[in-house]
Amino acid sequence: AEPVSLLPLNNKLVDLKFQEQEIVKDVLSYLSIKAMSCQSSLNEMFLNLESLDLAFTRAGHAVWMGAVKPVLVEVDKRNILFDMKNAMHPLLVEGSLPSL
């Protein structure tokens, strides 16, 4: 049992903890409302971030494989060729790749 002299302090501590929980709820509610008000912008940023992540993942994979970049060669206004010297199929070089 706790000493009677500490009872008011304990009650104050309980009150402060309750007040803190209420403030946290208020802040989270406020932030949720703000986030909902710019939901379309957040969705657009997420999609852009997703595209960037995919591009960096592909680039990292290409570096890991030692891939070569194809060169576009314009033959004329209607015809463009891919110059793919040193191109290799990923399955054919799989055995020579470093482990992840």
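Let me sum up the structure you'll find in this document. (Residues numbered from 1 in each chain as written. Predicted model: local features only at pLDDT ≥ 70, side-chain atom pairs only at ≥ 80, totals over all residues. Heavy atoms only, no water.)

As for the pattern of salt bridges
Where side chains of opposite charge bring their charged atoms close, a pairing between them can arise.
Then, number 1: Summed over all chains, the structure comprises 1 salt bridge.
Then, number 2: Between Lys25 and Glu22 there is a salt bridge, with the nearest N and O atoms lying 3.7 Å from each other. Here Glu22 and Lys25 lie together in helix α1 (residues 7-37), a separation of 3 residues that amounts to about one turn.
Then, number 3: The class of Lys25 is exposed, set by a relative accessible area of 54%. (Salt bridge = Lys/Arg side-chain N within 4 Å of Asp/Glu carboxyl O. Helix = DSSP H or I, 4+ residues; strand = E, 2+ residues; numbered from the N terminus. Buried < 20%, exposed > 50% of the residue type's maximum accessible area, 1.4 Å probe, protein only.)

What to know about helix α2 (residues 39-65)
Then, number 1: In this model, α2 (27 residues) spans 39 Å end to end at C-alpha, consistent with the 39 Å of a helix rising 1.5 Å per residue.
Then, number 2: Of the residues flanking the end of α2, it is Gly66, one or two places downstream, whose phi is positive at about 70 degrees. (Expected span 1.5 Å × (residues − 1).)

Concerning a nonpolar patch on the surface
Then, number 1: A cluster of nonpolar side chains, namely Ile23, Val24, Val27, Leu28, Tyr30 and Leu31, defines an oily patch on the protein surface of about 580 Å² accessible area.
Then, number 2: Here Val27 shows up in helix α1.
Then, number 3: Residue Val27 is classed as partly exposed on the basis of its relative accessible area, which comes to 42%. (Patch = residues over 30% accessible without salt bridge, like charges linked within 9 Å, V, L, I, M, F, W, Y side chains within 5 Å. Areas by Shrake-Rupley, 256 points an atom, 1.4 Å probe, with all protein chains shown as cover.)

Structural notes on the pairing of strand β2 (residues 79-83)
Then, number 1: The pairing of strand β1 (residues 71-76) with β2 spans 5 bridges and is classified as antiparallel. Each residue of the ladder has a partner; that of Val73, found in β2, is Leu81.
Then, number 2: Between β1 and β2, which pair antiparallel in sequence order, lie 2 residues. (Pairing = 2+ DSSP bridges.)

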